[in-house]
Amino acid sequence: PLPLYTSIPTGLADEKNLANQLSFYPNPVAGELWLLNKTEAVVNIDILSLDGKNVYSTTSSAQEININTETMAKGVYILKVSSGQSTYAKKLIRD
């Protein structure tokens, strides 16, 4: 028998779940940035300048991730965290 409906994954639910399981502080940041990872998965963390250059990159499965931003110039960046097919991106201000 054929199913009455078909489920097509869009990735939106995964993205929302990833966003609910990640937080970071402080923002704006002047020195150390903390990322709290409530997932049990390995996450890829990238900090991108607004022109798309990758200024920081790491991979971690830790629940608390410390990122030193002291070598980054003051300005606005994009914090991008991905796990599997899900990606979470937020504006980060380096003060």
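Residues numbered from 1 in each chain as written. Predicted model: local features only at pLDDT ≥ 70, side-chain atom pairs only at ≥ 80, totals over all residues. Heavy atoms only, no water.

Asker: How would you explain the overall build of the protein if you had to name every residue and give the values?
Answerer: For the protein, the helix and strand inventory stands at 1 helix and 7 strands. Ordered by position from N to C terminus, the α and β elements of the protein give α-β-β-β-β-β-β-β. Out of the 95 residues belonging to the protein, those deemed buried represent 31%. In the protein, 52% of the contacts between residues at least 6 apart in sequence involve partners at least 24 apart. (Helix = DSSP H or I, 4+ residues; strand = E, 2+ residues; numbered from the N terminus. Buried < 20%, exposed > 50% of the residue type's maximum accessible area, 1.4 Å probe, protein only. Contact = heavy atoms within 4.5 Å.)

Asker: An account of the sheet that holds strand S4 (residues 54–60) is requested, with residue identities and associated values reported.
Answerer: Across the sheet, which stays open at both edges, the 4 strands sit in the order S4-S3-S6-S7 with antiparallel pairing between neighbours. The sheet terminates laterally at S4 and strand S7 (86–94), the two strands that pair on one side only. Each strand axis lies, on average, 15° off the axis of its neighbour in the sheet, ignoring direction. Note: strand S6 (residues 75–83) against S7, 9 bridges, orientation antiparallel. Within S7, the residue paired with Ser83 across the bridge is Ser86. (Pairing = 2+ DSSP bridges. Axes fitted to C-alpha atoms, helices over the stretch in contact; angles between N-to-C directions.)

Asker: Please set out the pairing of strand S2 (residues 32–37) residue by residue, giving values where relevant.
Answerer: Only one face of S2 is covered, namely the face carrying Leu33, Leu35 and Asn37; the face carrying Glu32, Trp34 and Leu36 is uncovered. The pairing of strand S1 (residues 22–25) with S2 spans 4 bridges and is antiparallel. Looking across to S2, one finds that Tyr25 is bridged to Trp34. The antiparallel hairpin formed by S1 and S2 contains 6 residues in its connecting segment. Of the pairings in the sheet, the one linking S2 to strand S5 (residues 64–68) comprises 5 bridges and is antiparallel in character. Its bridge partner being in S5, Glu32 is matched across the sheet by Asn68.

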